[in-house]
Amino acid sequence: MKNWLNKYCLFFVATLALMSCEKDEDIITVRTEGSPQLEASAASVELMQENGEEEALTLTWSPLSMNWSNSDVSYDAVRYVIEFAPADSDFDPKAEVAVTGATSKTFTVKELNAVLTRLELPAGVPTEVDFRVSAVYANNVAPVYSDVLSLTATTYLDIPVYPSLWVPGQYQGWSPDVAPRVSSPKDDGKYEGYVFMNVADGFKFTSNPDWDHTNYGDGGTGKLSSDGGAGNLTVTEPGYYQLKANTNDMTWSAIKTEWGVIGDATGSWDNDTDLTYDATEGVWKATMELSTGAIKFRANDKWDINLGDEKDDRPVDGILEYGSDDIQVTEAGTYEIILDLSNPAFYMYKLIKQ
């Protein structure tokens, strides 16, 4: 029995050795030649939100040439990745777009804006961007890159449109199709926004920009009614109002607001510097001296309604949230300060150094 087992083990080892030799003979190698040759349909693009579905930029490139040691098993193993980066940044940071089964990519305005927005480019300002194509054909092999091309791109701030109620009233001619909105970013029946009413003579909320769907009028003190014959909602005086509506418990509120800026960059965390409402542009403004430090926006000289930046490292052209972080001013000087609350539930500011 022992001899039989020894012979069996020798046979097994010999078989493994033979299989190993045959496996070595089947090794396939691949070599690449050259690099993708990249071309672009434009050297500059001005992206506008209203043209979101139009074509903005087409990139085409030559396929990576691959030579296989055994043509019988050759296949297209290449994956292409388009890389965008701020000019002269050596592609750090970068935004990537993978392309499978093609050697071209056409971006719509909306698609290209979304990619470039990931680089935190300043919206509305022509900015130089570098781009290239990388060809990847194996996880353990460095990519093959095309030449770097440049693009002058003007992006836009992609303002979200949340589920909304419209606010027609006497102040704007009772026209829901052109009325301002209050919005629900979580689509949970809780709506908010800011509306300037130059007269205090009644308004309603409508579920569509017309009178043909659900309309909300006065249901008693602080209450809404969806009865078509309900009376108008009213405020006590003209002004700039924070409006809220809750269609779950059928309540509403209106708080008249006057906005200011406060912080050690203005000279004090105790007293606001007032902003002035520009009814033509629909924003609050002031031009003032700021030192290095921090600021926040608040309403009515109180902390009940205050707006800060979402996080400390956002650009100064930022997005605001209630009760959030201070806005950092890193360079002293004269600034035009703009507070824009015109897009419901998506509030913005600008600090423009003069």
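Not measured: the values here are computed from a predicted model. Throughout this document, residue positions are counted from 1 along each chain, in the order its sequence is written. Residue-level local features of this predicted model are given only where pLDDT is at least 70; pairs of side-chain atoms are given and counted only at 80 or more, and the full residue set underlies all totals for whole chains, interfaces and linings. Excluded from the side-chain calculation are hydrogens and water; included are all heavy atoms of the structure.

J.: Before we move on, could you go through the overall build of the protein chain and cite the residues and values that matter?
T.: The helix and strand inventory of the protein chain stands at 2 helices and 29 strands. Put simply, the protein chain has 354 residues, and 39% of those count as buried. For this analysis, residues touch if any pair of their heavy atoms sits within 4.5 Å. Contacts spanning at least 24 positions in sequence make up 62% of the contacts within the protein chain whose residues lie at least 6 apart. A helix here means a DSSP run of H or I that spans at least four residues, while a strand means a run of E at least two residues long, and both kinds are numbered starting from the N terminus. Accessible area is worked out with a 1.4 Å probe on protein chains only. A residue is then buried under 20% of its type maximum, exposed over 50%, and partly exposed in between.

J.: Go over the nonpolar core, please, and point to the residues and values.
T.: Grouped together as the largest cluster of nonpolar side chains are 30 residues, with contacts concentrated most on Leu-59, Ile-82, Phe-84, Leu-112 and Leu-116. For this core, the secondary structure elements donating two or more residues are strand 4 (55-61), strand 6 (79-86), strand 7 (95-99), helix 2 (109-117), strand 9 (127-136) and strand 11 (149-154). In this view, Leu-116 contacts Leu-47, Phe-84, Leu-121, Val-129, Ala-153 and Thr-155; residues no more than four positions away in its chain are not counted. If you look at the next biggest cluster of nonpolar residues, it comprises 25 residues, including Leu-320, Ile-327, Leu-341 and Tyr-349. Buried Ala, Val, Leu, Ile, Met, Phe, Trp, Tyr and Cys residues that are joined via side-chain atoms within 4.5 Å together make up what is termed a nonpolar core.

J.: Can you lay out helix 2 for me, pointing to particular residues and giving the numbers?
T.: Each full turn of the α-helix corresponds to 3.6 residues, which orients residues three or four apart in the same direction. Here helix 2 has its buried residues at Val-109, Leu-112, Asn-113, Val-115 and Leu-116. Along the axis of helix 2, the buried residues cluster in a sector spanning 160 degrees; they form a single face. Think of the arc as the fan of directions from the helix axis to the C-beta atoms.

J.: Residue-level account of the pattern of salt bridges, with values.
T.: Any Lys or Arg side-chain nitrogen located within 4 Å of an Asp or Glu carboxyl oxygen qualifies as a salt bridge. Scanning the model with the defined rule gives 8 salt bridges in all. For Glu-83, the salt bridge goes to Lys-94, with nearest N and O atoms at 3.4 Å. Of this pair, Glu-83 sits in strand 6 while Lys-94 sits in the loop between strand 6 and strand 7, and the two are 11 residues apart along the sequence. A relative accessible area of 36% means that Lys-94 is categorised as partly exposed. With its nearest N and O atoms 2.7 Å apart, the salt bridge here joins Glu-83 to Arg-132. Placement of Glu-83 in strand 6 and of Arg-132 in strand 9 is noted, with a sequence separation of 49 residues between them. Accessibility expressed as a relative area gives 2% for Glu-83, which makes it buried. The class for Arg-132 is buried, based on a relative accessible area of 13%. Within this structure, Glu-83, Lys-94, Glu-96 and Arg-132 form a network of salt bridges that share partners.

J.: Summarise the environment of Thr-266; cite the residues concerned and give the values.
T.: When you line up the elements, Thr-266 lands in the loop between strand 20 (259-263) and strand 21 (268-274). Sequence separation between Thr-266 and Thr-292 is 26 residues, and the spatial gap between their C-alpha atoms is 9.0 Å. Apart from residues lying up to four places away in sequence, Thr-266 is in contact with Val-261, Thr-273, Met-288, Leu-290 and Ile-295. Here a polar contact is taken to be a pair of N or O atoms separated by no more than 3.5 Å, where protein atoms must pair a possible hydrogen donor with a possible acceptor and residues adjacent in sequence count only if both atoms sit in side chains. Here Ser-268 takes part through its backbone oxygen, which lies 3.5 Å from a polar atom of the side chain of Thr-266.

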